Amino acid sequence: MENIRRFCVRLADRRWILPVLLVLGMTFCVVAESTSLLNSYTRFVLTAMLVNVILCVSLNLVNGYLGEFSVGHAGFMALGAYASAMLTTCLFPQTPALFIPAILVGGLMAAVVGFFLALLSFKTRGDYLAIITLAFLMIVKSALENISWVGGPRGLAGIPTLTTLPIAFATAIITLWVIRNLIYSKFGRAVVAIREDEIAANAMGVRTREAKILAFTVSSFFGGVAGALLAHQITFINPGSFDIVKSTEILVMVYLGGIGSLAGSILGAVIFTFLSEALREYGTWRMVILPLILVLLMIFRPRGIMGLRELPWFLPRRELFNRRKKS
Amino acid sequence: MAYFAQQAVNAISLGFLYALIALGYTMVYGVLTMINFAHGDLFMLGAFICLLLVTFSPIALPFPILLVLVMLIIGGLGGLIERLAYRPLRDAPRVSAVITALGCGLVISNTTLSISPYSRAMPEVFNDQYFNVFGVGISTLQMLIIGVSLALMIGLDALIQKSRFGMALRAVAFDARSAPLMGISVNRIISLTFLIGTGLGGAAGMLYGMAFPVISASMGVLVGWKAFIAAVIGGIGNIRGAVLGGFILGTVEIFSVATLPSTYRDLISYSLLLVILIFKPYGILGRAPNIKV
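No experiment lies behind these values; they were computed from the predicted model shown. (Residues numbered from 1 in each chain as written. Chains lettered and ligands numbered in written order. Predicted model: local features only at pLDDT ≥ 70, side-chain atom pairs only at ≥ 80, totals over all residues.)

Attention now goes to the overall build of chain A. When helices and strands are tallied, chain A shows 14 helices and zero strands. Helices and strands in chain A line up, N terminus first, as α-α-α-α-α-α-α-α-α-α-α-α-α-α. Against the 2.2 N^0.38 benchmark of 20 Å for 327 residues, chain A shows a C-alpha radius of gyration of 20 Å, consistent with a compact globule. The dimensions of chain A, computed from C-alpha atoms along their principal axes, are 60 × 50 × 40 Å. (Helix = DSSP H or I, 4+ residues; strand = E, 2+ residues; numbered from the N terminus. Rg over C-alpha atoms; globule rule 2.2 N^0.38 Å.)

In structure tokens, the structure reads:
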């Protein structure tokens, strides 16, 4: 047991492993996509897992690093999914080259809405912010149900299957890279300072309002990107698939893996995806077991598996040096 | 004019139902400063418990006994949830408690959904009759809803303003850390608050099930969370605000359905919430908390 622990610690300290893993992962994805190495179900689950990583990391920016409680992430997914699906299905069908711009449009759509929501609502914090995100989620869902040219309650069908394993992998890596660099920038320090104590941060000269709005906008951008990827993976979307249950799934991932930790988010998304697939045969009981896990987690381990800790792979060199000096 | 008066009657009876559910949200928030997201699902369960009691009881239970039974069962369940899930988290960060509440609500609603996947028809509890008062139709049921809700609300107000329990409850809501120094058992007060609040929600569930006799597991989200909007609009934590919010929401909903396609109802209710929160971030009657470092 002690040997395994020591091995893990040594492995975590080898920073060159991360680029190697990246190259290996990308090669694996390309090979798996072009050959019949994996069956289509396994590929589907792996892609879903990568989309979940994007969702989990982006929500962690608001719920973990910023310390707010947003339940509206599924709403941003819906915006991204619908915007991109409209582009690839209705406006420019049969041009798969437009998929990457379509993902970006989906993300931007979510980011613009997220920006205005944050602008209006960051006067309040805590419970009231949670309520506003909840209202936002409900408004997006019922607005989509009432717009007939996006299919109304029936939804959009016949979306081309464009989300491949390499694209999902690359997007997940870009998301991780952007959010990791944001967190360890000046902006990221401000975000963490707000979580610890907003009034004190304000007194120290942190522009709290701007930092909060930026964090929320970035988070909603990647929520939209994940929605776009999901729409082109499952090829059918309707307003009902972006409801509070979807938001809860993302929350379970974030709090299972651990708030304020990128490694935790990845871990949470991976564990959640496998758990959720393993429980699929139980039908609606799945959505009894998953929230139950969340409740038990909150009671017995409120910070999740990684909880505010980080793998040294993701830390900047300077931070790592400080940490060694302390210990 | 008669049409308008008719809609006004409908708005009042819906408003009373929303207010009754909103009271549970707001009482818990007032004492614990925590949103009990499971409340809407307990409301839904109230309708299902009533259905079970009516279907399986060997004798036809009269309405008052049925109401008391439903309130006791749902209140007991609410107290149990508080004891098992919320009490261990009382000193944890507030977000943990909110997440737990959300999880508990989903557990309740999805368990109900797994057991009863389809909507159920509520059997008639008593013979419903229509009366014509100055050209406005009002049913026995609507009068019953208004009467029972009014009685429960007046009872609750008297309990909180006049009784020793009410005084202790207000003390805990005012300052939960100093209240035990005055000899108040905070745990008991919080348990009782949950019992009463969720009991009222259960009663509302039963009345709602009788008024709109198709009940399903999604009722907690569709209707229960609407009542939550009512509580927030009025200023959550404020009991009179909950009643005011219930009436505002009931009126807005009935008149929006009367003039627009009914699919716009949710859109309008939640937009109303958003607009009110943007301009009055703590609700109409709520006060901004005093935050210190």
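This next bit is on the overall build of chain B. The secondary structure content of chain B amounts to 10 helices and four strands. Its C-alpha atoms give chain B a radius of gyration of 19 Å, within 12% of the compact-globule value 19 Å for 293 residues. Once the C-alpha set of chain B is aligned to its principal axes, its extents read approximately 60 × 50 × 40 Å. Counting all 293 residues of chain B, 48% fall into the buried class. Taking the contacts inside chain B whose residues are at least 6 apart along the sequence as the reference set, 78% of them involve residues at least 24 apart. (Buried ≥ 20, exposed ≤ 12 C-beta atoms within 10 Å, placed from the backbone. Contact = placed C-beta atoms within 7 Å.)

Turning to the packing of helix α4 (residues 73-91) of chain A against helix α11 (residues 244-257) of chain A, a few remarks are in order. Residues and elements named next belong to chain A. Contact geometry for α4 and α11: axes closest at 7 Å, N-to-C directions at 115°. Taken together, α4 and α11 sit at an angle that is classed as roughly perpendicular. Judged by the twist between their axes, the crossing of α4 over α11 is right-handed. On α11, the residues that touch H73, A74 and M77 of α4 are K246, S247 and I250. Here the contact of α4 with α11 is built from residues that sort into three nonpolar, two polar and one charged. (Axes fitted to C-alpha atoms, helices over the stretch in contact; angles between N-to-C directions. Parallel < 35°, antiparallel > 145°, perpendicular 65-115°, else oblique. Left-handed = near helix turned anticlockwise from the far one by under 90°. Nonpolar A, V, L, I, M, F, W, Y, C, P; charged D, E, K, R; others polar.)

Turning our eyes to something else, we now look at the confidence of the model for chain A. Looking at chain A, the pLDDT average stands at 87 and 97% of residues meet or exceed 70. The weakest mean pLDDT in chain A belongs to helix α14 (residues 317-326) of chain A at 67; the strongest belongs to helix α10 (residues 208-234) of chain A at 94. (pLDDT = per-residue confidence, 0-100.)

Note that strand β2 (residues 130-133) of chain B and strand β3 (residues 136-139) of chain B share four bridges and pair antiparallel. Along β3 of chain B, the bridge assignment pairs V133 of chain B with V136 of chain B. (Pairing = 2+ DSSP bridges.)

Let us look at the interface of chain A and chain B. Taken together, the contacts link 36 residues of chain A with 35 residues of chain B. Here the side of chain A that touches chain B takes 13 residues from helix α6 (residues 126-146) of chain A, the largest share from any one element. Taken together, the residues of the side of chain A that touches chain B sort by class into 25 nonpolar, seven polar and four charged.

Let us now look at the packing of α4 of chain A against α10 of chain A. All names here are of chain A. One way to put it is that α4 packs onto α10 with a least axis distance of 6 Å and a crossing angle of 55°. The angle between α4 and α10 falls in the class oblique. Classified by chirality, the crossing of α10 by α4 is right-handed. Note on element contacts: α10 touches α4 through S220, G223, G224, V225, A226, G227, A228, L230, A231 and H232, opposite H73, F76, M77, A78, L79, G80, A81, S84, A85 and T88. Among the residues making up the contact of α4 with α10, the classes are represented as 11 nonpolar, nine polar and no charged.

Turning to helix α13 (residues 286-300) of chain A, a few remarks are in order. For α13 of chain A, built from 15 residues, the straight-helix expectation of 21 Å at 1.5 Å per residue is met to within 8% by its first-to-last C-alpha distance of 21 Å. Residues M287, V288, L290, P291, L294, V295, L297 and M298 of chain A constitute the buried set of α13 of chain A. (Expected span 1.5 Å × (residues − 1).)

Time to look at the environment of W225 of chain B. Residues and elements named next belong to chain B. Looking at the element boundaries, W225 is found in helix α8 (residues 219-234). W225 sits in the buried class, given 25 other C-beta atoms within 10 Å. For the pair W225 and F43, spaced 182 residues apart in sequence, the C-alpha separation works out to 10.0 Å.

Turning our attention to the environment of F228 of chain B. Residue and element names in this part refer to chain B. Among the secondary structure elements, F228 is positioned in helix α8. Of the residues examined, F228 has 28 C-beta atoms within 10 Å and is grouped as buried. Sequence-wise, F228 and A203 are 25 residues apart; in three dimensions their C-alpha atoms are separated by 16 Å. In this view, F228 contacts Y25 and G40; residues no more than four positions away in its chain are not counted.

Positive phi, close to 60°, is recorded for T235 of chain A, a residue that is not glycine. By the element assignment, T235 of chain A lies in the loop between α10 and α11. Here the phi dihedral of T33 of chain B falls at roughly 45°; this positive angle occurs in a residue that is not glycine. Within the element layout of this structure, T33 of chain B appears in the loop between α1 (2-32) and α2 (39-56). By C-beta crowding, T33 of chain B is classed as partly exposed, having 16 other C-beta atoms within 10 Å.

Residue and element names in this part refer to chain A. Along the polypeptide, L311 turns up in the loop between α13 and α14. For L311, a count of 18 C-beta atoms within 10 Å translates into the label partly exposed. Between the C-alpha atom of L311 and that of T42, which follows or precedes it by 269 residues, the distance is 27 Å. Once residues lying within four places of it in the same chain are set aside, the contact partners of L311 are A12 and A263.

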